[in-house]
Amino acid sequence: MKRKLILSAAGVVLLAAVSFVSSCTRTGIMKDVPVTLARSDKVVSLSADTTFKCTFEEVMHCYDIQIVSDSIIVFYDQASEKYPYHFKAYSTDTFEYLGAFVQKGRGPGEMVLPNISGSSTSGRYLCCDDNKSSTAYMVDVGESLRAGMIPVAESFDIPSDVIYWLPLSLSLQFAMRLENREMVLCVMDEGGKAVRKYTPFGGIDGERCMTYFASQFVERGNKRDVAEIMIFFPQINIIDTESGTIRSIAVDRSYRKWKQVIGSMINMDMLSYYFGATATSEYIIASYRHLPLKSMNESGHGTSFHVFDWEGNFLVDIKVSEDIGNITYDSRRNLLYCLDVAGRVIRYDLSGIL
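Reading the values: the criteria
- Residues numbered from 1 in each chain as written.
- Predicted model: local features only at pLDDT ≥ 70, side-chain atom pairs only at ≥ 80, totals over all residues.
- Heavy atoms only, no water.
- Helix = DSSP H or I, 4+ residues; strand = E, 2+ residues; numbered from the N terminus.
- Rg over C-alpha atoms; globule rule 2.2 N^0.38 Å.
- Buried < 20%, exposed > 50% of the residue type's maximum accessible area, 1.4 Å probe, protein only.
- Lys, Arg positive; Asp, Glu negative; His and termini not counted.
- Charge placed at Lys NZ, Arg CZ, Asp CG, Glu CD.
- Salt bridge = Lys/Arg side-chain N within 4 Å of Asp/Glu carboxyl O.
- Contact = heavy atoms within 4.5 Å.
- Phe/Tyr/Trp six-rings, centres within 6.5 Å; stacked < 30°, edge-to-face > 60°.
- Polar contact = N/O pair within 3.5 Å; in protein donor to acceptor, adjacent residues only side chain to side chain.
- Pairing = 2+ DSSP bridges.
- Axes fitted to C-alpha atoms, helices over the stretch in contact; angles between N-to-C directions.

Q: Where do I start with the overall build of the protein in this structure?
A: Across its full length, the protein holds two helices and 26 strands. Over its C-alpha atoms the protein spans a radius of gyration of 20 Å, differing by no more than 12% from the 20 Å that the globule rule assigns to 354 residues. With 354 residues in all, the protein has 55% of them scored as buried. If you average the places of the 36 positive and of the 42 negative side-chain charges in the protein, the two averages end up 5 Å apart.

Printed below as a string of structure tokens:
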């Protein structure tokens, strides 16, 4: 299940919308967690950055994208016998190709099927877990490129019941796990032992409903706050991993139909809401499509970028005509890099918005 701004006048349209935040205390799929139904009072239409011309020719077939240290953009590429490396790196300053790292394989310093975690883009490491080895890594990208090998700052043993994983520090990790058929959120030590555990999904058969828990997780970079961006519900959940406090925000009333959703069979008419997500110490940014599964790889639908702060306030709804999937954010320059459904890299300048 792991799947895992210089703006022209014509480019930005501010719509006069009434700011709306519901005060209702309905709960959603998380038991005993009130859901705030929110709508942003700032809606912006934005065009792609036409000054951005880089084609990243060394990248063959990109699956994911992540900025590291606010200075390196990493692409998760398709590894092959001819091109055996999973990751390729470029400078965000010059777009110079810096090299490839992490070979495909089961040997030392290799990975079979890595999954990039949603770590803060200002963080020093590329954090990823290898589905086939039950191990996760924090990789020093700069040193990997210089040394031609993987200098791993830390590696973690991942229990077999972990569905999603994020590092919080060099010694702590966050995970969604399936324990005794129930989905739980927990903080673990480097050996995978749970030191704090939260059970907001009580009463739901996690094994039967596993697909409906598909999410993107991102972290703030403060070793504490994590956000869950749900794919099959129009909802994000912000988790304080120390206190266990959870804030839940929905952007569409359909979150209330969660029982109907998890009680139905998976089919291509099923609605998908969020897709990609990225985070900084200030913002959570998520690509929102609100389409049936059968239409997710089609063009012509457009995308919204929902921007929240870490208090759960829905700050701005950015509408673009491109069909966007995974995203990452250069917080030094306020540039959002995206992959569209055709695998092209598109950039948006948010400096006049954020």
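Q: Before we go on, may I ask you to explain the pattern of salt bridges in this structure?
A: Pairing is possible between side chains that carry opposite charge, provided their charged atoms lie close to one another. Inspection of the entire model under this criterion finds 19 salt bridges. For the salt bridge of Arg344 with Asp340, the shortest nitrogen-to-oxygen distance reads 2.7 Å. Here the salt bridges do not stand alone but share partners, grouping Asp93, Asp330, Arg332 and Arg333 into one network.

Q: Would you mind going over the environment of Ile324 with me for this structure?
A: Its place among the elements puts Ile324 in strand E24 (residues 324-330). Sequence separation between Ile324 and Gly343 is 19 residues; the distance between their C-alpha atoms is 9.2 Å.

Q: Which parts of the structure should I look at to understand unusual backbone geometry?
A: One can expect most non-glycine residues to show negative phi and most peptide bonds to be in trans. Backbone geometry at Arg181 places phi at a positive 70 degrees, although glycine is not the residue there. Here Arg181 lies in the loop between strand E13 (172-179) and strand E14 (182-189). Unusually for a residue other than glycine, His290 sits at a positive phi of about 50 degrees. Mapped onto the elements, His290 comes out in strand E21 (residues 283-292). Take His290: its relative accessible area is 32%, and that puts it in the partly exposed class.

Q: Any chance you could explain the side chain of Asp309 here in plain terms?
A: Mapped onto the elements, Asp309 comes out in strand E22 (residues 303-309). In this structure Asp309 is buried but unpaired, with Arg247 as the nearest side chain of opposite charge at 7.7 Å. Ignoring sequence-local partners within four residues, the contact set of Asp309 consists of Ile238, Glu282, Ile284 and Leu315.

Q: Explain the packing of aromatic side chains to me, please; I cannot follow it from the model alone.
A: The geometry of an aromatic ring pair is captured by two quantities: the separation of the ring centres and the angle between the planes. Here the structure, examined in full by the defined rule, presents 21 aromatic pairs. Their ring planes at 65 degrees and their centres at 6.4 Å tell us that Phe95 and Tyr337 sit as a pair that is edge-to-face. A residue pair is termed long-range when its members are at least 10 positions apart, and Phe95 in the loop between strand E6 (85-91) and strand E7 (97-103) and Tyr337 in strand E25 (residues 335-340) qualify at 242 residues. For Phe95, a relative accessible area of 21% translates into the label partly exposed. You can call Tyr337 buried: its relative accessible area is 0%. When the centroid spacing of 5.8 Å and the interplanar angle of 50 degrees are considered together, the rings of Phe174 and Phe217 count as tilted. Of this pair, Phe174 sits in strand E13 while Phe217 is found in strand E16 (residues 215-219), placing the two residues 43 residues apart along the sequence. Three or more aromatic residues link up through ring pairs in this structure, and these residues are Phe52, Phe56, Phe75, Tyr90, Phe95, Tyr97 and Tyr337.

Q: Sorry, what's going on with the environment of Gln66 here?
A: Mapped onto the secondary structure, Gln66 falls in strand E4 (residues 64-68). Overall, the relative accessible area of 7% leaves Gln66 in the buried class. Once the C-alpha coordinates of Gln66 and Trp258 are considered, the two residues, 192 residues apart in sequence, prove to be 31 Å apart. What Gln66 contacts, discounting residues up to four positions off in sequence, is Ile72, Ile73, Val74, Ile116, Ser117, Ser119, Ser120, Thr121, Leu126 and Thr328. Within polar-contact distance, the side chain of Gln66 engages the backbone oxygen of Ser119 at 3.0 Å.

Q: Looking at this structure, I do not really get the side chain of Ser91. What am I missing?
A: Examined against the element boundaries, Ser91 turns out to sit in strand E6. Exposure remark for Ser91: the relative accessible area of 11% places this residue in the buried category. Here the side chain of Ser91 touches Asp93 through a polar contact of 3.0 Å, landing on its backbone nitrogen. The residues touching Ser91, leaving out its near neighbours within four places in the chain, are Ser71, Glu96 and Leu98.

Q: What is the right way to look at the sheet that holds E13 in this model?
A: Strand pairing in a sheet is mediated by backbone hydrogen bonds. Such pairs are either parallel or antiparallel. Strand order in this open sheet of four strands is E12-E13-E14-E15, and the pairing throughout is antiparallel. Unpaired on one side and paired on the other, strand E12 (162-167) and strand E15 (194-198) mark the two borders of the sheet. Geometrically, the sheet is characterised by an average inter-axis angle of 20 degrees between neighbouring strands, direction not taken into account. Note that E12 and E13 share five bridges and pair antiparallel. Paired with Tyr164 across the two strands is Met176, which belongs to E13.

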